[in-house]
Amino acid sequence: MNVTVGYFLLLLFLVLGILLILLGVWLVARMYGSHSTEVEAECIDISIETVRMGTGPGEYTYFKDAKAPVYRYRYNGVVYTSQPLLRSNRRGYRPVSGPARIRINPEHPERVYSPERKYVRVILVSIGGAYVLLSVVLFCVFRSMGIL
């Protein structure tokens, strides 16, 4: 392997890992930062649908029984009924009816942030951390072997 190519690949993995970590942090910061506010709500229904994702008929992936809670809440004197855009069919995800505290976007009060964003963050930060760790370990191993 060419030394320049080796350095490039290690740097690529390092940068990709850092970007994934930053994306995960940004998702949660947006959910809990100045772009959100917490409101009292009532979960009035659980929407369960099969969700289709993909770019075309041959590329679709179907997610059966993807759930999203439907909330009714009041913000600035207006009553909204909305659900998060992000749905989940994760095994442990069981939204329940009744009172809840949810986060919404105060600039667009009809937009509800899904609590499933936390799991997206964990996945992104974990994969990003693995990329960073792998690039550092490979750099050390290659250096000790005299490859780089």
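Note that the coordinates shown come from a computational prediction; the quantities given were computed from them, not determined experimentally.

### Overview of the nonpolar core
Okay, so step 1: Membership of the largest hydrophobic core is limited to 12 residues, which are V39, A41, C43, I46, Y71, Y73, Y75, Y80, A100, I102, I104 and V112.
Okay, so step 2: A per-element tally of this core places strand β1 (residues 37-53) first, with 4 residues.
Okay, so step 3: Beyond its immediate stretch of four places on either side in the chain, V39 contacts Y73, R74, Y75, A100, R101, I102 and I104.

### Observations regarding helix α1 (residues 3-32)
Working note: α-helix, 3.6 residues per turn, so residues spaced by three or four point in the same direction.
Okay, so step 1: Between its terminal C-alpha atoms α1 stretches 44 Å, which fits the 44 Å expected from 30 residues at 1.5 Å a residue.
Okay, so step 2: For α1, the full list of buried residues reads G6, L10, G17, L20, G24, L27, V28 and M31.

### Details of the pairing of β1
Okay, so step 1: Pairing analysis gives 7 bridges linking β1 to strand β4 (residues 98-105), with the strands arranged antiparallel. The residue of β4 that forms the bridge with A41 is A100.
Okay, so step 2: Where β1 meets strand β2 (residues 61-75), 11 bridges bridge the pair, whose relative direction is antiparallel. Within β2, the residue paired with I48 across the bridge is K67.

### Comments concerning the packing of aromatic side chains
Okay, so step 1: As enumerated under the stated definition, the model contains 4 aromatic pairs in all.
Okay, so step 2: Ring centres 6.4 Å apart and planes at 45 degrees place the aromatic pair Y7 and F139 in the tilted group. Highlighted residues: Y7 in helix α1 and F139 in helix α2 (residues 117-145), separated in sequence by 132 residues.
Okay, so step 3: Judged by relative accessible area, which is 32%, F139 ranks as partly exposed.
Okay, so step 4: On the numbers, 5.0 Å between centres and 45 degrees between planes, the contact of F13 with Y131 is tilted. Taken together, the residues span a long stretch of sequence, with F13 in helix α1 and Y131 in helix α2 at a distance of 118 residues.
Okay, so step 5: With a relative accessible area of 32%, F13 lands in the partly exposed category.
Okay, so step 6: Over the aromatic face of Y60 sits the side chain of R52, whose NZ or CZ is 4.1 Å from the ring centroid.

### A few points about the sheet that holds β1
Okay, so step 1: Strand order in this open sheet of 5 strands is β3-β2-β1-β4-β5, and the pairing throughout is antiparallel. This sheet does not close on itself; its edge strands, each paired only once, are β3 (78-82) and β5 (108-113). Between one strand axis and the next, the sheet turns by 45 degrees as a mean value, whatever way the strands run.

### Considerations on unusual backbone geometry
Okay, so step 1: Despite not being glycine, D65 has its phi angle at roughly 55 degrees, a positive value.
Okay, so step 2: For D65, the location among the structural elements is in strand β2.
Okay, so step 3: Relative accessible area serves as the criterion here: at 40%, D65 is assigned to the partly exposed category.
Okay, so step 4: In this model, N76 sits at a positive phi of 55 degrees, which is unusual for a non-glycine residue.

Conventions adopted
- Residues numbered from 1 in each chain as written.
- Predicted model: local features only at pLDDT ≥ 70, side-chain atom pairs only at ≥ 80, totals over all residues.
- Heavy atoms only, no water.
- Core = buried A, V, L, I, M, F, W, Y, C linked by side-chain atoms within 4.5 Å.
- Buried < 20%, exposed > 50% of the residue type's maximum accessible area, 1.4 Å probe, protein only.
- Helix = DSSP H or I, 4+ residues; strand = E, 2+ residues; numbered from the N terminus.
- Contact = heavy atoms within 4.5 Å.
- Expected span 1.5 Å × (residues − 1).
- Pairing = 2+ DSSP bridges.
- Phe/Tyr/Trp six-rings, centres within 6.5 Å; stacked < 30°, edge-to-face > 60°.
- Lys NZ or Arg CZ within 6 Å of the ring centre and 35° of its normal.
- Axes fitted to C-alpha atoms, helices over the stretch in contact; angles between N-to-C directions.

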